[in-house]
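Per-entry structural report
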Amino acid sequence: MKPSPDPRQRRRLHPLPKGLVELYGLIAVLVVLIPEWLADGTLALNERPNLSAMPMTSRAWRTLPELQLASMTLCELRLLARDLRVWGYSSDARSELTDRLLKRSTRFNKTGNAL
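1. Observations concerning the overall build of the protein
Of the regular secondary structure elements, the protein holds five helices and zero strands. Element order for the protein, N to C, with α for helix and β for strand: α-α-α-α-α. Here the protein holds 115 residues, and 15% of them are scored as buried. For the protein, restricting intrachain contacts to residue pairs at least 6 apart in sequence, the fraction spanning at least 24 positions comes to 35%. Of the accessible surface of the protein, which amounts to about 10200 Å², a share of 61% is contributed by carbon and sulfur atoms.

Next comes the structure, spelled out in structure tokens:
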């Protein structure tokens, strides 16, 4: 039988060859970093510099407030509600807030132009 190792004696670890360490590093770059860069680049393709999801080139876009309100985020809708002095807008859901903004805009804007 083998004698049991002495716990006071330090264990010697065999170091990995330098080439194997470099190979592991290359594999890490290929498996982790490159897909991360590809995902980041793919997500960046959808971002537009003007932050507008729909182009405002048609006449209908300029005259129908429903189109403008449909493309706004909830945060933008709440900011518009604050500017139009709509009371209690913070607790409204998106559809309720859109309805209230449409009523308020038609009351103040008799010409039929958009917000």
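Now that the structure is up, let's keep going.
2. Thoughts on the side chain of T98
Tracing the backbone through its elements, the reader meets T98 in helix α5 (residues 94–108). Overall, T98 belongs to the buried group, its relative accessible area being 17%. Beyond its immediate chain neighbours, meaning those up to four positions away, T98 contacts L69 and L77.

3. A short note on unusual backbone geometry
We note that R85 has phi near 60 degrees; this positive angle belongs to a residue other than glycine. Tracing the backbone through its elements, the reader meets R85 in the loop between α4 (74–83) and α5.

4. Looking at the pattern of salt bridges
One side chain can pair with another of opposite charge once the charged atoms of both are near each other. Using the criterion set out here, one finds one salt bridge in the structure. Among the ionic pairs, D92 bridges to R100, the shortest N-O distance being 2.4 Å.

5. Re the nonpolar core
With nine residues, the main nonpolar core is built from L69, M72, L77, L80, A81, V86, L97, L101 and L102. Only α4 and α5 provide two or more residues apiece to this core. Apart from residues no more than four positions distant in its own chain, L101 is found in contact with L69, L77, L80, A81, L84 and V86.

6. Focus: the side chain of D92
Looking at the element boundaries, D92 is found in the loop between α4 and α5. Here R100 takes part through its side chain, which lies 2.4 Å from a polar atom of the side chain of D92. Those residues within four positions of D92 in sequence are excluded, and the remaining contacts are R78, L97 and R100.

7. Observations regarding α4
Along α4, the residues classified as buried are L77, L80 and A81. All buried residues of α4 project into a common sector of 100 degrees when viewed along the axis, lining one side. Structural note: α4 exposes C75 and D83 on the side pointing more than 90 degrees away from its buried face. Downstream of α4 by one or two residues, R85 has phi in the positive range, about 60 degrees.

8. A look at helix α1 (residues 18–45)
Relative to the 40 Å expected for 28 residues at 1.5 Å per residue, α1 spans 39 Å between its end C-alpha atoms, a close match to the ideal helical length. At V29, α1 is deflected by roughly 30 degrees, the largest bend along its length.

Conventions we followed
Residues numbered from 1 in each chain as written. Predicted model: local features only at pLDDT ≥ 70, side-chain atom pairs only at ≥ 80, totals over all residues. Heavy atoms only, no water. Helix = DSSP H or I, 4+ residues; strand = E, 2+ residues; numbered from the N terminus. Buried < 20%, exposed > 50% of the residue type's maximum accessible area, 1.4 Å probe, protein only. Contact = heavy atoms within 4.5 Å. Areas by Shrake-Rupley, 256 points an atom, 1.4 Å probe, with all protein chains shown as cover. Salt bridge = Lys/Arg side-chain N within 4 Å of Asp/Glu carboxyl O. Core = buried A, V, L, I, M, F, W, Y, C linked by side-chain atoms within 4.5 Å. Polar contact = N/O pair within 3.5 Å; in protein donor to acceptor, adjacent residues only side chain to side chain. Arc of directions from axis to C-beta. Expected span 1.5 Å × (residues − 1). Bend = angle between axes of the 7 residues up to and from the residue.

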